[in-house]
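# Structure assessment
Here is what each chain is made of, one letter per residue.
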Number of protein chains: 4
Amino acid sequence: MSKIGFIGLGIMGSPMAGHLAAAGHTVTGFDLSEPAMAKLVEAGGQRAGGVTEAIAGAEVVITMLPQDEHVEAVTTEVIAAGGDGLLLIDMSTIRPETSIAVAESAARKGIRVLDAPVSGGEAGARNAALSIMVGGADEDFAEALPLFEALGKTIVHVGPHGAGQVVKAANQLVVGGIYALVSEAIVLLEAAGVDARAGLDVLAGGLAANRILDLKRESMIARDFRPGFRIDLHHKDMGIVQAAARQAGVSLPMAGLVAQLVAAARAMGHGSLDHSALLKVVETISGRA
Amino acid sequence: MSKIGFIGLGIMGSPMAGHLAAAGHTVTGFDLSEPAMAKLVEAGGQRAGGVTEAIAGAEVVITMLPQDEHVEAVTTEVIAAGGDGLLLIDMSTIRPETSIAVAESAARKGIRVLDAPVSGGEAGARNAALSIMVGGADEDFAEALPLFEALGKTIVHVGPHGAGQVVKAANQLVVGGIYALVSEAIVLLEAAGVDARAGLDVLAGGLAANRILDLKRESMIARDFRPGFRIDLHHKDMGIVQAAARQAGVSLPMAGLVAQLVAAARAMGHGSLDHSALLKVVETISGRA
Amino acid sequence: MSKIGFIGLGIMGSPMAGHLAAAGHTVTGFDLSEPAMAKLVEAGGQRAGGVTEAIAGAEVVITMLPQDEHVEAVTTEVIAAGGDGLLLIDMSTIRPETSIAVAESAARKGIRVLDAPVSGGEAGARNAALSIMVGGADEDFAEALPLFEALGKTIVHVGPHGAGQVVKAANQLVVGGIYALVSEAIVLLEAAGVDARAGLDVLAGGLAANRILDLKRESMIARDFRPGFRIDLHHKDMGIVQAAARQAGVSLPMAGLVAQLVAAARAMGHGSLDHSALLKVVETISGRA
Amino acid sequence: MSKIGFIGLGIMGSPMAGHLAAAGHTVTGFDLSEPAMAKLVEAGGQRAGGVTEAIAGAEVVITMLPQDEHVEAVTTEVIAAGGDGLLLIDMSTIRPETSIAVAESAARKGIRVLDAPVSGGEAGARNAALSIMVGGADEDFAEALPLFEALGKTIVHVGPHGAGQVVKAANQLVVGGIYALVSEAIVLLEAAGVDARAGLDVLAGGLAANRILDLKRESMIARDFRPGFRIDLHHKDMGIVQAAARQAGVSLPMAGLVAQLVAAARAMGHGSLDHSALLKVVETISGRA
C-alpha cells in the first residue's frame, strides 16, 4: 500500500481519490473546495491545508487539475517540497510540451514523473473504468500500475514523457471529428426528407460504424444534449490538439476545422452542453436550428 | 421467381447477377464487356445484345452502373422500351436528384422505380453481404425485398425516391471523414514519437472506437494500401455528397474538407489505392512522406 | 455593324443588348419575359417569338442565361437552327465542361463558339464597364472584340474553349474567400474590443490591402448588406468553382471551405443579401449575431 | 529628444534602433549578438551589457523580440529594474493575452505599456516605412508618437492594451488567406490549361484585386519564393491568430484552415521560403509539384 498525496478533488479527482482510499492506500488530499475535501475524508482519506502539507511524506503524488497553468503552479510547489525518489503522476489533460517541461524540472530534483491523462469522463471515474494513457519511463509505469488498476480498465504505456498527452489529444481529435461527421450526416438526412433513424441504422451496420453512433444517435436525433462531456472541456482539449500538432510539426486540416466547430458551439452559448451539441452548430449554419 | 433484366455486369454487378441466377431467377444481362456476359452465362444467366433486348419481357430491371450519365442513358432506354408495371431498381451510386428525375420520368410510363445503392464493396457483393439503402414506395420495396435478400444482409427502406442515395452519401461522408481523422491521429502520434499501434489501441477501446480503426489500423500503420475500395470511387462519391448537400440546401464544412482531401489523394496519383491512402495526403503535408 | 440574336434579357442581358443596339448593331432579342423584350424594343432592338426566330439570319448569337441547363437547352436550339459560319458567344457563367461540350457540338455544324463570362455585376452591365474573360479561338475573339468593347472595359482572351469560365471561377473563389477573411477579421477585432474601423484602416494600408476592404468595409461594419451581388448567385458560382476543380483534377481546400460558408449564408436565409453577408455567418458561429 | 533603452537588435530591431539614433535620440541597446550591438554603435547608439544596464536612466524602453517567452523574460527584468513613470513599448508580435498580462504587471510598478507590433517586414524597417498598430492609453500613445514617426508611415492607435496585437493578428490572417486563395487560383488556372498570367490580370482588374496579386503574382507564377517574409514567421503568427480567436471566444474557420496550410508549408521544409510558398502546398496536394 502506498502513501499518496492527491491534489485536485474535482468531478474526476474526487471519485479517483476515493477509489485509492478504498483500495487501502493512505490518501491525503487537497483542493480549494472544502466540501471536496470533506468528501474525501468520508471516503477514508485525509484532508490537508495545502499542497505542501498534502504531499508531506508521500511516496506518490497524483495531480488531477483543469489546465496547464494549474499543473504548472502545483507541480512547481510539489517539486520544491518533494524529496528525491518521489513519483509524481499528473493525470490532468494538458499540452504535451507542458508535461515534458514538468518532467524535466522534476528530474533535476530526482523526482520521477508520469503523464497519465484519462478518458471515459465522470462515469468512467466513478466506476473505476477509465482509459489511462501513460507517458514516462518503464519502471515508473510498472510502479504506478497497481494504482492505475484501481482507477481504470484500459491502461496503456504509450511512450516517453508527454506521450500520454499526445494519445489523449489524438483521442479527442477523433471523438470530436466523429461527432461533427455524425452531425453533418443527421442534418443532411433530415434536410433531404430521409428518416434519420433509419439512415443511421444503416451507417451503424457498415464501415461507418462507430461508438458515438452506437451510444449517441438516439439522443442526438432527440436533441437531448445533457452532458456527458461538456463542449467547454472539448474546446479546451481541441486547443491541446492544436498545440500538440504545432509541437510535433505536423499539419492536421481536420483538427483545424473540428477545433473551429467546437469553438462555434461554445461561442454560441452551448459550452455546458454535451459535446454531441456540435449538431446545433451544423443545424444553425444549415438554417435548421 | 422473377424475370430480371440486369444492366451493368462490372465488379459489383457481376456477382450480384450471379446470386440472383443462383437463387432461381431468370436473369438476362447486358454489359459492354463480352467476358462479363460470358461469366453471367456460366452462372446460369443469359446474355443479351443490348439494353432493350435484356429487358424484353422482364418484370424487374436492375441497373448497376458507374456514374450518373450512364444511369441517365440506360434508364432512358429502359423507360422507352419498358411496359406499364415494370419495376426498375437502380443500384448504382449516383446523385439523389438524378434518382428522383429518373423516377419522375418513369412514372409517366407507369414504370415504378427504386433507388437502392449499396455499401460493402466487392467483398460484400461476392458474399451477398451488402448493405442496401432503398428509396421509393413501400409496396415496391416489399416487392423487391426477396431480390435484395439474395444480395445483402442489411436492407433498409429509408424513405422516398432518392432517399437511398442520400443515405449512401451520408455513409460515404462518415467513412471518408473517419479515414481522414484516423490518418491525422496516426501522423500526430508518429511525429510526436509515440508508438502508433499502442496509441490506436487506446482509441479503439474508448469513445473514439470505430470499425475503420478495427479493420484498418494495422494496414494503415504498415502503409499497406491495396484496395479495398479505391480512392477514385470515393472521390466520385464525395462529389455526390456535395451535390446532395447542395440539393438539400445545407452547409457541411466537414464534407467540404473531406472532399478536398480525397481529391488530393487522387490528384497525387493514389486513385487506384484503397481509401485508407488518405494517410498519404496527411503524411505529405506533414513532411513525413 | 453586325446582325445579332440576343437570348436572355435579364438584369445583365437587358442593358448589354441595349448597348449593342445603341452602338448601331441590329439586335433581335428573346426572353420569356415580355417586359424585358419591350425594354429592348425601346432601346432600339427587335423582339422575337422564340430562340429560332431571334437567331434567323444572325451573324452572331449572344446568350446570357442563369445556369448550365438553360445554356444547354438554348444552345441546342441555336445549333440546330444556326447556319455554318455563325459565331455563338455565351456570356453566361457556367461550368467549364459545359462550355467545352457546347463548343464541340457546335463545331460539328460549323458553328464557332466563344465562352465569355463577365464580372462587374449589374452596375458593370449598365455602365458598359464589365470585365470579360474569353475562351476560344484567336480569330473568333478578334471578330467578337468590337462587340465586347461595347459592353466592357477589361477584355482578355485567356485561352481555349472553357478558359473564360475557369478564370471567372478563379475570380469568384478569390472574391468569396476575401469576403470570408475580412468577415473573420471584423469579428475578431470586435470581439476583442478593438475598433474595427481603425483596425481595417491599418489592414487597408499594408499587404492585406484589397478592393473588397476598400469598397465594402464601411458597409460591412455598418451591417448594410443590400446587394450588390447576391449570396444566391455566389452560391451558384462556388458550385462552378468546385466543378472546375474536379474537372481539372486539383485539390482546393480554401475553395471547399468558402463554398460551405456561402452555402451557410444561403441556408440561413440570406440568399438575397449581398455576398458581404458572409459576415453574418461568422457572427452567428461566433455567438455575436 | 528621449533617452531610450532598446532590447532586441535583430533584422527588424537593428534598423529601427538606428533610425531612432539618427533622429537624435539617445539609444542604448542590448542584444545577445555582439555584431548587432556593434552595428548600433556605428549608427550612433550605445551598447549595454544586459537588459538592466540598457534601461538604466531610460525614459522609454522599446522591445523587439521573437516570441512570447522572450518578451515575458525581458519585460520581467524591465519591470523589476524600471522606475515609476517609465514607458515600455513592446513592438514584438505576440499573443494579445501576453501583452495584456505585461501591461498589468507593469502597472503595479507605475510603468506604462504600449503594445505596438508592426507590419511591413525588413524592408519596412530599413526604410522607416512600417505600419504600426498600437494598443494602450491615449496619453501614452501621444507621448510615443514622435518615436513611431521615426519608424513608420501608417501609425494607428487601435484600442486598449492588446489591441495592437489583435490588429496584427487580423492582418496576418488576411494576408495568409489571400496567399492561399491566389495559390489555389493559380493551380486551378494552370491545371485547366489557362494562361495564369492572363487570368490573374483579369482578377487584378476587378473585385478580386489585392496587393498580393499586384506585388507577387509574377514571382509566384515564376515560382520565385525568395523571402520576403518567411513561412516560419507566418506560422508563428498563425499561432497567435488562433490564440487571439480563442481568447476572444470566436470561431474562425478560415483562420483554422489557413493555419494548417501554413503549417504544411513549414512541415514540408519550406519554412525559410517566402510566405507566397503556400503555392507549393497547393501544387503538391494537386499533384502538380
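Residues numbered from 1 in each chain as written. Chains lettered and ligands numbered in written order. Predicted model: local features only at pLDDT ≥ 70, side-chain atom pairs only at ≥ 80, totals over all residues. Heavy atoms only, no water.

### Some remarks on the packing of aromatic side chains
All names here are of chain C. Spelled out, the test is: Planes of paired rings set the category: under 30 degrees apart is stacked, over 60 is edge-to-face and the rest tilted, where pairs are Phe, Tyr or Trp rings (Trp by its six-membered ring) whose centres lie within 6.5 Å. Exposed residues in this analysis have more than 50% of their type's maximum accessible area, buried residues have under 20%, and partly exposed residues fall in between, with area computed by a 1.4 Å probe over protein chains only.
Applying the stated criterion to the full structure yields four aromatic pairs over all chains. Between F141 and F148, the aromatic rings sit 6.3 Å apart at their centres with planes inclined by 35 degrees, giving tilted as the arrangement. The same class applies to F141 as to F148, namely buried.

### Digging into the UniProt feature "domain: 6-phosphogluconate dehydrogenase NADP-binding" (unreviewed entry) in chain A
Where we set the bar: UniProt positions are given in the numbering used here, feature names are shortened, and annotations may be inferred rather than shown by experiment. For the purposes of this entry, the term helix denotes a DSSP run of H or I that reaches at least four residues, the term strand denotes a run of E that reaches at least two, and both are numbered from the N terminus.
Here the UniProt-annotated "domain: 6-phosphogluconate dehydrogenase NADP-binding" (unreviewed entry) positions come out as residues 3-159 of chain A. The span residues 3-159 of chain A is 43% helix and 25% strand, and its two end C-alpha atoms sit 26 Å from each other.

### Focus: helix α1 (residues 13-22) of chain B
All names here are of chain B. Within α1, eight of the 10 residues are buried, leaving the element largely enclosed by the surrounding structure. Those residues of α1 not exposed but buried are G13, S14, P15, M16, A17, G18, L20 and A21. Positive phi appears at G24, one or two residues downstream of α1, with a value of about 105 degrees.

### A few points about the pattern of salt bridges
Residues and elements named next belong to chain C. Which entries qualify depends on this criterion: Salt bridge, as used here: a side-chain nitrogen of Lys or Arg that lies within 4 Å of a carboxyl oxygen of Asp or Glu.
Going through the model one piece at a time under the given rule, you end up with 52 salt bridges over all chains. Across the pair R217 and D201 runs a salt bridge whose closest N-O atoms are separated by 2.8 Å. Taken together, the positions of R217 in helix α10 (residues 211-221) and D201 in helix α9 (residues 196-204) put the pair 16 residues apart, joining distant regions of the chain. Given the relative accessible area of 35%, D201 is considered partly exposed. The residue R226 makes a salt bridge to D224 at a minimum N-O spacing of 2.7 Å.

### Considerations on the interface of chain B and chain C
Note the following rule: By definition, residues are in contact when any of their heavy atoms lie within 4.5 Å. Here the quantity called buried area is the total loss of accessible area, with a 1.4 Å probe, experienced by two parts when brought into contact, counted for both. In protein, a polar contact requires one atom able to donate a hydrogen and another able to accept it; more generally it is a pair of N or O atoms within 3.5 Å, and residues adjacent in sequence count only if both atoms are side-chain atoms. Under the scheme applied, nonpolar residues are Ala, Val, Leu, Ile, Met, Phe, Trp, Tyr, Cys and Pro; charged residues are Asp, Glu, Lys and Arg; polar residues are all the others, including Gly.
Facing 17 residues of chain B, the contacting portion of chain C comprises 17 residues. The three residues of chain B that bury the most area against chain C are R246, S251 and Q260 of chain B, which together make up 44% of that side's buried surface. In this assembly, chain B and chain C are joined by zero salt bridges. Inspection of the chain B/chain C interface yields six residue pairs in polar contact (both at pLDDT 80 or more). Sorting the residues of the side of chain B that touches chain C by element identifies α11 (231-248) and α12 (253-270) of chain B as the ones contributing at least two each. Counted by class, the side of chain B that touches chain C contains seven nonpolar, seven polar and three charged residues.

### Details of the interface of chain B and chain A
Taken together, the contacts link 61 residues of chain B with 61 residues of chain A. Between chain B and chain A, roughly 5,100 Å² of surface is buried when both sides are summed, and carbon and sulfur atoms account for 78% of that area. Sorting the residues of chain B by area buried against chain A places L188, L207 and M254 of chain B first, and these three jointly supply 15% of that buried surface. If you look at where chain B meets chain A, you find 12 residue pairs in polar contact (both at pLDDT 80 or more). By residue number, the principal contributor to the side of chain B that touches chain A is helix α8 (residues 163-191) of chain B, which donates 20 residues. Partitioned by chemical class, the residues of the side of chain B that touches chain A number 45 nonpolar, 12 polar and four charged.

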